[in-house]
Structures are given as C-alpha cells and as structure tokens.
Amino acid sequence: MNARPGGLHDSATTAAFDAPRWRRDFPIMKQRVHGKPLVYLDNAATSQKPQAVIDAVSDYYQHYNSNVHRGVHQLSELATAAYEGAREKLRQFINAASKQEIIFVRGTTEAINLVAQSYGRSHLQSGDEIILSEMEHHSNIVPWQLLREQTGVTLKVIPINDAGELQPGAYETLFSARTRLVSLAHVSNALGSVNPVKEMISLAHQHNVPLLLDGAQAVPHMPVDVRDLDCDFYAFSSHKMFGPTGIGVLYAKEQILIDMPPYQGGGEMIRTVRFNGSTWNELPHKFEAGTPDIAAAIGLGAAVDYLETIGMPSIRDYERGLLEYGTQQLQSLAGVKIVGTARHKAGVLSFVMDGVHPHDIGTIVDQQGVAIRTGHHCAMPVMEHFHIPATARASLAFYNTREDINALVQALDKVREVFR
Ligand code: C6P
C-alpha cells in the first residue's frame, strides 16, 4: 500500500483493512478493459457483486426456484423461507423494530414513489408543504413533483452552499404550519456530502413532521440504524450495496405503514377479493403486489451477510481514509477542481478539469481501464448550483485501493496530454 506520510488519519485505518483480500471475492475484478486491468470507480452508479451473492442467486434458480407464499410443495416452502429470511436479515442490518417494516421494492426510486403515491396522496392536501434539498437525486424530486400535480402540494427547497453542504440555519426557516413531510438525501450521490440527518429528524419531529431519508448512497458505506436515527421512512437499493439489481427496501415505521393505503393492486397484497370490494393482506405484503424478484431478494440477503462479515464500521473507516487520499491526490493536480468539499463526506470525488468536458475525461480514462461516471448524475439542480453541465465522478467502495486512485491520477495525466 502506498502510504503517504502526514496523510489525514490514513495509515492506521487503511493499513488495518485488507481491501485486496475482499477484492478477490469479486470475480469481475479479474476483468481487463481495453487490455488494462479493470479499475472500477463507479460504485455510486452500481457496485460489483461478490461470489457469495452470485452463488446465492444461482443456487435459488438451480435448486429451489418456485413462487413464494403460494405453494404447499417443498420448493415453494424453501423459496418462501429464503425470501422471508432475507427480509429478517435486512431488518437486523438496519435495526428495524419488526419485519413488517421492511417492504421489498425495486429500488430507491420505487420506494420514494411508493411513499409519494400512497402516503402523499392519502395524507397531503393542496397547500401542504414538503421540504426537500437542492442536493437531491431526481428520484427524490420528481415523485414529489408528480404529487404536486395531483394534489397541489408545495415544494420547499433547502439551499446548499459552495462546499455542497446544506446551508446552515436554512432548514429551520422552511417549516410552517403547513409542513407535512421532509424528504432528504442521507448522502448526496453527486457531491458525497453526508447530511446531519439525526439533528434534522429531531427538528422535523419537534414540528410533528415525518422525515424520509434517501439512503441509496449511505447504506453501502456506513452503519445505518433506523431506530437510532428515528427516521420515519428510509429507502435504499440492493445493487449499490453489492446485491443484485431489481430489488431494494422501503423501511417505514409500522404505524405509518398501517395507516397507508396500498400502492399497487394485484395478487399477494390482498386478503379477500369480491367484485364489490377487496380487503388487504397484513404488512409487509400489503405493499408487495405480484410475484416479487425472489432471486434478487435472496441475493440481497447474501450481500447483507457478506457486508456483516467485513463489518460496516470498518468499511466506513477504511473508505474515509481512501477518500482523504483521493482528495489529496486530485487537489494536487493542476487544473482539477473538486466539486463537493463538505466537511462530512462519503466516498464520492466529483471533479471538473480546466478546458476538458467531463465526457472526454470519462472516455479517455476508460481507455486506461478506469471506469468513472460523467454527467449530471441525475442531480441537475446540483449542476445548476455550480453553473456546470456535468462533472466527472469517481466513487469508492471498500474493495478500492490507493493503487486505484493512483491509476485514476495517471489516466488524468493522459487526458491532459491529449488536451495540451
Ligand atoms: N444514483 C448514481 O450514479 P435506483 O436507481 O432507484 O437504484 O437509485 C436512485 C437513486 C436515488 N437516490 C440517490 C442518492 C442515488 O444516488 C440514486 C442512484 C446513481 O449516482 C444512478 S443515477
């Protein structure tokens, strides 16, 4: 490991964590891209999958593929046990009070749409207010705009400062007698800012307002305890936390879910159906209409087991050291500017380079085997704030190393050569 003397609390945390050992669990890491070893720094878009997750999905299809909650035959019982077992693993992972509070959805986007359409349409009226922030992903803006068209609610936005932090003091001033919900990123995907969510939840509750956290970029990188946070809703995606695509979780406090109408109708979510009316299944099934992505849920359960083997506090500490190393490296490059310099950050390095469009950066570093994302990252209001069309973004996971950062820096040298 390329230890740098004087690095910000780096050597102790990074040296203790054996990232290359964990990386060997990910078969895709042996891949070569354009003839170069793969350097995967696009984890905020989606993470890679360890063999244990791939095996869990494949084992289901090979040995007990069957529908859940429907059959009395053995395969169906095995599938149901594995699917519900995965739910229990998720409950423990985020410390929810009961399995009834874990709703399987397609991902963060569907989770937020579910809350907007079910909770929003049944609890909010014209003139009611929802507080969002300027750093939200489109998935935490557009569902509320759709609700605005349907109900006439008003959206209020917490502004950010030029470090990419929520402007101190601004949040509190947005509350009024009509505030009905706050919906906020735990960690920004475009900037990496970690928001002071615990204090923000507490303030919302002082106003008797529930709060939803978009945890898509938090759950893969730090311990999350929904009871300690006391959030009312928490949304996250499996594919960003080393699990399969097509599955994610909406956590919500049980009483809130009881008071919410179903989001979609169909099989599984009903107790009785007659032409003059139907009654709903108990939680969490009331919100899981139709056959779910059973294999993906089981794979997500395996991802949780895997993450717990490593330990979320170790992952958080290691990535913090790696982010500091990456920040120092990028800051030392002439003409490179990091976008998002919040005091509290998770492993996202968004940057721009003088005279080079981010898409050109992405294309040239790809030729060197380095995968990063370029664009607006589905956070156009953030780009607007910084008056830029796009950034290049390197996003970290626990299997990344300082060598990966060094490879990015070398690839950026190539970019400079091309544009000299
Ligand atoms: N961000 C990124 O490259 P889905 O697509 O539903 O799994 O997650 C949506 C989503 C919601 N909130 C945040 C904070 C996110 O980062 C994302 C996904 C990816 O940054 C793809 S745009």
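Student: Help me understand the overall build of the chain in this model?
Tutor: Looking only at helices and strands, the chain has 15 helices and 17 strands in total. For the chain, the C-alpha radius of gyration of 22 Å lies close to 22 Å, the compact-globule estimate for 420 residues. Referenced to the eigenvectors of the C-alpha coordinate spread, the extents of the chain come out at roughly 75 × 55 × 35 Å. For the chain, the share of sequence-separated contacts (at least 6 apart) that also reach a separation of at least 24 residues comes to 71%. When the accessible surface of the chain is summed, it comes to about 17300 Å², and 51% of that surface belongs to carbon and sulfur atoms.

Student: Could you clarify how one ought to interpret the site of the ligand in this entry?
Tutor: Among the 16 residues in the neighbourhood of the ligand, the closest are listed as Thr109, Asp214, Gln217, Ser237 and Arg373. Between a nitrogen atom of the ligand and a side-chain N or O atom of His137, the distance comes to 3.4 Å. Between the ligand and Asn189, the relevant distance is 2.8 Å, taken from an oxygen atom to a side-chain nitrogen or oxygen of the residue. For the ligand, whose free accessible area comes to 510 Å², the fraction covered by protein is 87%. Grouping the constituent residues of the shell around the ligand by class yields four nonpolar, eight polar and four charged. In this structure, the shell around the ligand is formed jointly by two domains, domain 1 (8-30 + 311-418) and domain 2 (54-308), each of which donates at least three residues.

Student: Got a minute to help me understand the sheet that holds strand E14 (residues 348-353) in this structure?
Tutor: Strand pairs in the sheet, formed through backbone hydrogen bonds, run parallel or antiparallel to each other. The four strands lie next to each other as E13-E14-E17-E16, forming an open sheet whose pairing is antiparallel. If you trace the sheet from one side to the other, it starts and ends with strand E13 (336-339) and strand E16 (373-375), each paired once. Between one strand axis and the next, the sheet turns by 30° as a mean value, whatever way the strands run. Two elements, E16 and strand E17 (residues 391-395), share three bridges in a ladder whose sense is antiparallel.

Student: Would you take a moment to explain the nonpolar core for this structure?
Tutor: Soluble globular proteins tend to bury their nonpolar side chains together. Among the nonpolar cores identified, the biggest contains 109 residues, and Tyr171, Tyr234, Ile361, Ile372, Phe398 and Leu412 are the most heavily contacted of them. Of all the elements, helix H11 (residues 294-310) adds the most residues to this core, at 12 residues. Two domains each put at least three residues into this core: domain 1 (8-30 + 311-418) and domain 2 (54-308). Discounting chain neighbours no more than four positions away, the residues touching Phe398 are Phe17, Ala19, Trp22, Phe26, Phe242, Tyr306, Leu307, Ile310, Ile315, Tyr318 and Glu319. Among the nonpolar cores identified, the runner-up in size contains 26 residues, and Ile103, Tyr119, Trp144 and Leu283 belong to it.

The rules we used
- Residues numbered from 1 in each chain as written.
- Predicted model: local features only at pLDDT ≥ 70, side-chain atom pairs only at ≥ 80, totals over all residues.
- Heavy atoms only, no water.
- Helix = DSSP H or I, 4+ residues; strand = E, 2+ residues; numbered from the N terminus.
- Rg over C-alpha atoms; globule rule 2.2 N^0.38 Å.
- Contact = heavy atoms within 4.5 Å.
- Areas by Shrake-Rupley, 256 points an atom, 1.4 Å probe, with all protein chains shown as cover.
- Near = heavy atom within 4 Å.
- Polar contact = N/O pair within 3.5 Å; in protein donor to acceptor, adjacent residues only side chain to side chain.
- Nonpolar A, V, L, I, M, F, W, Y, C, P; charged D, E, K, R; others polar.
- Domains from an automatic or database assignment.
- Pairing = 2+ DSSP bridges.
- Axes fitted to C-alpha atoms, helices over the stretch in contact; angles between N-to-C directions.
- Core = buried A, V, L, I, M, F, W, Y, C linked by side-chain atoms within 4.5 Å.
- Buried < 20%, exposed > 50% of the residue type's maximum accessible area, 1.4 Å probe, protein only.

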